[in-house]
Amino acid sequence: GDSVTQMEGPVTLSEEAFLTINCTYTATGYPSLFWYVQYPGEGLQLLLKATKADDKGSNKGFEATYRKETTSFHLEKGSVQVSDSAVYFCALSEAGNTPLVFGKGTRLSVIA
Amino acid sequence: DTGVSQDPRHKITKRGQNVTFRCDPISEHNRLYWYRQTLGQGPEFLTYFQNEAQLEKSRLLSDRFSAERPKGSFSTLEIQRTEQGDSAMYLCASSPDREEAFFGQGTRLTVV
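About the thresholds
Residues numbered from 1 in each chain as written. Chains lettered and ligands numbered in written order. Predicted model: local features only at pLDDT ≥ 70, side-chain atom pairs only at ≥ 80, totals over all residues. Heavy atoms only, no water. Pairing = 2+ DSSP bridges. Helix = DSSP H or I, 4+ residues; strand = E, 2+ residues; numbered from the N terminus. Contact = heavy atoms within 4.5 Å. Buried area = accessible area lost by both parts, 1.4 Å probe. Salt bridge = Lys/Arg side-chain N within 4 Å of Asp/Glu carboxyl O. Nonpolar A, V, L, I, M, F, W, Y, C, P; charged D, E, K, R; others polar.

(A) View of the pairing of strand S8 (residues 62-65) of chain A. All names here are of chain A. Both strand S7 (residues 56-59) and S8 contribute to a ladder of 4 bridges, which runs antiparallel. Paired with Asn 59 across the two strands is Phe 62, which belongs to S8. In this antiparallel pair of consecutive strands, S7 and S8, the connection spans 2 residues, and Lys 60 shows a positive phi of 55 degrees. In this sheet, strand S9 (residues 75-77) lies alongside S8 in antiparallel orientation, the contact comprising 3 bridges. By the bridge assignment for S9, Glu 63 is matched with Glu 76.

This is the structure we're talking about:
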């Protein structure tokens, strides 16, 4: 079945550092890919998405590019802030029409 | 609209008791999903509804679990004869057709 693997955390960075959280997937078809974020005490929020190969999703300074050849959707941000501290989940949905399959999540802590 | 609402936010119950959770989706969202999230894991799909029809159930959903969505609006998830292994965060999400899911803040269940 479909699955998502993301790098294990926790990840601790200093403010203004560069962030990469790796995500790879296994799917039978052509999935849509998502990054969700969960801030402390809050529900999951969609951060960005990409629906086909080579699409780049972006939001709040975060970016991720759908790489079909490497089955990857790595999350990047050029300069993290303390307010980015959260748990980040990579997820997929077959053709954007099936329930989401999530990775285990990566906890990011940004220190001033 | 205030988003997806779940009630209660926290529930502590004794092993063997029945519990019921409620989810109110965003108005006019056709799809409603239930997920379960345990510590250090990503959300795992349980079941989903298209309007009032329950279209898919995960094998994680044992016969002690039942979900309903009467009239295609709010949904309830009932767990009968709770076990300690049922302790988790239960997440509800809703979406318009073929779009990203919007999550509630979850119901944290503790079985003692």
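(B) Structural detail: the interface of chain B and chain A. The interface is formed by 20 residues belonging to chain B together with 18 residues belonging to chain A. Summing the contributions of chain B and of chain A, the shared interface buries around 1500 Å²; its carbon and sulfur component is 50%. Our count for the chain B to chain A interface comes out at 1 salt bridge. Of all the secondary structure elements, the ones that give two or more residues to the side of chain B that touches chain A are strand S4 (31-37) and strand S5 (44-50) of chain B. Residues of the side of chain B that touches chain A, tallied by class, amount to 8 nonpolar, 6 polar and 6 charged.

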